[in-house]
Amino acid sequence: MVRVLLISLMVLTLWPSSARAAGHDGEVSLKGFIVARSEQTLSVRHGNGPVTPVLLSAATVIGGLRRSPGEITVNDLVRVEGVRAAGGGVAAYRVDVVLAAEGFRRAQPEYNSVFWNWVVNGSLSVPLP
């Protein structure tokens, strides 16, 4: 019973929200790790895919484990919701920090574990040997 509850919680929390929001009036939703940041921009990499620039504004709501844009650091796992911006970026209206960089370093299991691949890549695929 506890296992089912934990799996349900993980699916609701970590499920790639891009599958839910794709195609609705230019809305974009993505999950990934922060690989670089500046005052108004976060660079987010989803799995092994390309880096997506995320533009922050004064109206962007920061949630999850951080409370302000200045607290977001490189290696934080984030879920971003916003609209497609010019140049392929995302103008964010919400950024949730799902896993802080400090917790990531402490909690990272063996790199090839199925669960960790699911967290990083948003899928249950298992790499072939």
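In case you missed it, the structure is sitting above this.
Figured I'd write up the structure that's included with this text.

What counts as what
Residues numbered from 1 in each chain as written. Predicted model: local features only at pLDDT ≥ 70, side-chain atom pairs only at ≥ 80, totals over all residues. Heavy atoms only, no water. Helix = DSSP H or I, 4+ residues; strand = E, 2+ residues; numbered from the N terminus. Buried < 20%, exposed > 50% of the residue type's maximum accessible area, 1.4 Å probe, protein only. Contact = heavy atoms within 4.5 Å. Areas by Shrake-Rupley, 256 points an atom, 1.4 Å probe, with all protein chains shown as cover. Salt bridge = Lys/Arg side-chain N within 4 Å of Asp/Glu carboxyl O. Core = buried A, V, L, I, M, F, W, Y, C linked by side-chain atoms within 4.5 Å. Pairing = 2+ DSSP bridges.

On to the overall build of the protein. A tally of regular secondary structure across the protein gives four helices and six strands. Taken from N to C terminus, the helices and strands of the protein fall in the order α-α-β-β-β-β-β-β-α-α. Burial status across the protein gives 35% buried among its 129 residues. Restricting to contacts in the protein with at least 6 residues of sequence separation, those with at least 24 account for 55%. Of the roughly 7,700 Å² that the protein leaves accessible, carbon and sulfur atoms contribute 62%.

With that settled, consider the pattern of salt bridges. On inspection of all chains with the given rule, the structure shows four salt bridges. A salt bridge links Asp96 to Arg79, with the nearest nitrogen and oxygen atoms 4.0 Å apart. Here Arg79 lies in strand 5 (residues 77-84) and Asp96 lies in strand 6 (residues 90-99), a separation of 17 residues in the sequence. With respect to burial, Asp96 and Arg79 carry one shared label: buried. Put simply, Arg94 and Asp96 hold a salt bridge, and the shortest N to O gap is 3.0 Å. The buried category is assigned to Asp96, whose relative accessible area is 10%.

Okay, the nonpolar core next. The biggest cluster of nonpolar side chains holds 15 residues, and the ones touching the most others in it are Leu42, Val44, Val54, Ile72, Val78, Val80 and Val95. Among the elements of the structure, strand 1 (27-37), strand 2 (41-45), strand 5 and strand 6 are those that each provide at least two residues to this core. When residues in this core are grouped by element, the largest group, four residues, is from strand 6. Beyond its immediate stretch of four places on either side in the chain, Val54 contacts Gln40, Thr41, Leu42, Val44, Val80, Val90 and Ala92.

This part is about the pairing of strand 2. Summarising the sheet, strand 1 and strand 2 pair through four bridges and their orientation is antiparallel. Across the sheet, the residue bridging to Arg37 is Leu42, located in strand 2. Relative to strand 3 (residues 51-55), strand 2 runs antiparallel, the two being bridged by five bridges. Residue pairing across strands places Ser43 opposite Pro53, the latter belonging to strand 3.

Turning next to the environment of Ser38. Examined against the element boundaries, Ser38 turns out to sit in the loop between strand 1 and strand 2. Among the residues examined, Ser38 registers a relative accessible area of 37% and is labelled partly exposed. Between the alpha carbons of Ser38 and Leu55 there is a distance of 9.8 Å; along the sequence they are 17 residues apart.

What follows is about unusual backbone geometry. Outside of glycine, negative phi angles account for most residues, and trans bonds account for most peptide bonds. Located in the positive-phi region is Asn75, a residue other than glycine, with phi close to 80°. Along the polypeptide, Asn75 turns up in the loop between strand 4 (61-64) and strand 5.

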